[in-house]
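Per-entry structural report
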Amino acid sequence: MAAITANLYAQHDRAALLENRQATREARWVKVTILGAALTFFAIFLLLPLAVVFVEALAKGWHTYLDALVEPDALSAVTLTLLAALISVPLNLVFGVAAAWAITRFDFRGKQLLITLIDLPFSVSPVVAGLIYVLVFSSHGWIGPWLLEHDIKVIFAVPGIVLATVFVTVPFVARELIPLLQAQGREEEEAAVVLGARGWQVFWHVTLPNVRWALLYGVILSNARAMGEFGAVSVVSGHIRGETNTLPLHVEILYNEYQFAAAFAVASLLALLALVTLAVKSWIEWRAAQAHD
Amino acid sequence: MTKAPTLPRVLPGFGLSLGFTLTYLSLVVLIPLAAVFIRASSLSLEAFWDAVTAPRVLASYQLSFGMALLAAAINTVFGLLLAWSLVRYRFPGKKLVDALVDLPFALPTAVAGIALTALYAGNGWLGQYLEPLGIKVAFGPLGVLVALVFIGLPFVVRTVQPVLEDLETELEEAATSLGAHRWQTFRHVILPVLQPALMTGFALAFARAVGEYGSVIFIAGNIPMVSEITPLMIISKLEQYDYAGATAIASVMLVASFLLLLAINGLQAWQARRNGRSE
């Protein structure tokens, strides 16, 4: 990541350089056409959908907007969304660190396969991600009868929602850490061990400071996905209002009940979360670029 | 990387970190995924075949895969233009554009779905101009395409952009000094370097689009045989408590995901070799 972000911040000067050189610039009309097409596409597919969320949310005034956010079902959806993220993000943080440590610090057979398997949740349809837990935990599922006997509910209950959220966010932290730790090599840690540092000391004082930005990057991306997941959570939730609704599911219910202003009001909360995520992401890239210089 | 270690391991924690990784991955991802295939294999061959080739399901494959291909193609063209603009040109608001390209990664799909529907519905900002022209986007197959273009947009930009940034200008200068026109330089010097990244971006956008659910179901209208995507078929089977049917369709989608994942890994290895970086 560091290399890419350093590039990102050198790119403004680079663009000026490339625009001024005979060999690397296009005719003016070509440049205007490319830039025009790219920015029109950007405006239609990214800016307009973002703008329409806020405009529709406020279409019936601030009063309706605020009412939609403080009503009990919305608040319980906020709580459940936070809970799911609060459990899944730390779990996958620990997993990502362990996986990255094993993969980049040791040589073993099947490493490439392991990396591919970690990426798997990204290429599985969210609906299939939800379905697999139904197949395991529902009353017709593998351990469903046992759960029923012990009066434990997983599907159509909070544990199912948490599990589905954990599944879809498995790769984020590992995927940020692996290339970075690979690029940094093992020398620093090996030197620390030779100098007498113990395992956890090496990790806390040598490895962690080197990867903290990538770690934070992975955390905010997995948090955004955890709070915004729809398909997987939708399959396992059962849509019980005030009990098993996360924010995205609450948006769907309001929308299907034709309460458009309320649906967009709740959606605007999630859009704000997305904007904050992008802002933090840009800030991390800026910090990483500064550290690089 | 696959050769056996010859030196003693200096660093600690091999057993702990690999053991935890494998256990966690098995419990959360691998065993539940295996459930799909084990469940599907308990069906008779005939029942499985009937479930995955029902006319409505076949129509959904055609829509899901067809629109995902088209959306990935559109994203490849415009993603290249956007990446090119971000690397090569100066323009006001560039940093904002660069940051917002990742919006589809960060914006929950349900929010994208209702926002796009509001835009393209008959009375929406864009729909009101398109419908008089006879172009009906919302509540039909075109709506599916629009949603898939939205969610796949960052993939091509973010795979092509770093390659464009690392591109050495010496190559272009050499081509120009040898008398090549700008277009010839692009076609024969720049494009071959970008090709692996473009194909990787295309494959990533396609893989994401095939399985997409949240952003599509609001705008698609979900008309049987016309605008039902394959993930929706799984949901509708589940709603009828037809677990076997849902599992059969899911196993088809999973096989498609595995194949795409393999293709993407192959493409990325090719790209790494092209860029002279060894893994």
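What you see is a predicted model, and the numbers here were worked out from it, not measured in a lab. (Residues numbered from 1 in each chain as written. Chains lettered and ligands numbered in written order. Predicted model: local features only at pLDDT ≥ 70, side-chain atom pairs only at ≥ 80, totals over all residues. Heavy atoms only, no water.)

What follows deals with the UniProt feature "transmembrane region" (unreviewed entry) in chain A. Residue and element names in this part refer to chain A. Per the UniProt record, "transmembrane region" (unreviewed entry) is found at residues 32-55, 75-101, 113-134, 154-174 and 260-280. The straight-line gap between the two end C-alpha atoms of residues 32-55 is 31 Å; of that span, 100% is helix and 0% is strand. Taken end to end, residues 113-134 comprises 91% helix and 0% strand; its first and last C-alpha atoms sit 27 Å apart. (UniProt positions renumbered as here; feature names shortened; annotations may be inferred. Helix = DSSP H or I, 4+ residues; strand = E, 2+ residues; numbered from the N terminus.)

Detailed reading of predicted coordinates is not advised where the pLDDT is low. Of the residues in chain B, 95% have a pLDDT of 70 or more, and the chain-wide mean is 90. As scored by the predictor, the complex reaches a pTM of 0.91 and an ipTM of 0.90. (pLDDT = per-residue confidence, 0-100.)

Formed by 185 residues in total, the largest nonpolar core has its most connected members in Phe167(A), Tyr120(B), Leu148(B), Val160(B) and Ile234(B). Of all the elements, helix H8 (residues 141-166) of chain B adds the most residues to this core, at 15 residues. In this view, Ile234(B) contacts Val127(A), Val128(A), Leu131(A), Ala246(B), Ile249(B), Ala250(B) and Met253(B); residues no more than four positions away in its chain are not counted. Core analysis: the second largest hydrophobic core is formed by six residues, Phe172(A), Trp213(A), Tyr217(A) and Ile284(A) among them. (Core = buried A, V, L, I, M, F, W, Y, C linked by side-chain atoms within 4.5 Å. Buried < 20%, exposed > 50% of the residue type's maximum accessible area, 1.4 Å probe, protein only. Contact = heavy atoms within 4.5 Å.)

Once that is clear, we can look at the packing of aromatic side chains. Under the defined criterion, the tally for this structure stands at 24 aromatic pairs over all chains. With a centroid separation of 6.2 Å and an interplanar angle of 85°, the aromatic rings of Trp101(A) and Phe203(A) are classed as edge-to-face. Separated by 102 residues along the polypeptide, Trp101(A) in helix H4 (residues 72-105) and Phe203(A) in helix H11 (residues 199-228) bring together distant segments of the chain. When its relative accessible area of 13% is taken as the criterion, Phe203(A) is described as buried. For the ring pair Phe203(A) and Trp204(A), a centre distance of 6.0 Å and an interplane angle of 70° mean the geometry is edge-to-face. Here Trp204(A) falls in the exposed class, since its relative accessible area comes to 52%. Through pairs of rings, three or more aromatic residues link up here, namely Phe230(A), Tyr255(A), Tyr258(A), Phe260(A), Tyr213(B) and Phe218(B). One residue, Lys111(A), lies across the ring of Phe108(A), its end atom 5.6 Å from the ring centre. The residue whose ring lies beneath Arg88(B) is Trp84(B), and the NZ or CZ to ring-centre distance is 4.7 Å. (Phe/Tyr/Trp six-rings, centres within 6.5 Å; stacked < 30°, edge-to-face > 60°. Lys NZ or Arg CZ within 6 Å of the ring centre and 35° of its normal.)

Moving on, we get to the environment of Phe48(B). Residue and element names in this part refer to chain B. For Phe48, the location among the structural elements is in helix H2 (residues 45-52). Spatially, the C-alpha atoms of Phe48 and Leu107 are 36 Å apart, while their sequence positions differ by 59 residues. Residue contacts for Phe48: discarding those within four places in its chain leaves Ala40, Leu43, Ala248 and Ser251.

Residue and element names in this part refer to chain B. Taking the UniProt record as the reference, the feature "transmembrane region" (unreviewed entry) is found at residues 12-38, 58-87, 99-121, 133-157, 216-236 and 243-264. The distance from the first to the last C-alpha atom of residues 133-157 is 31 Å, and the span holds 68% helix and 0% strand. Between the end C-alpha atoms of residues 216-236 the distance is 15 Å, and the span holds 57% helix and 0% strand.

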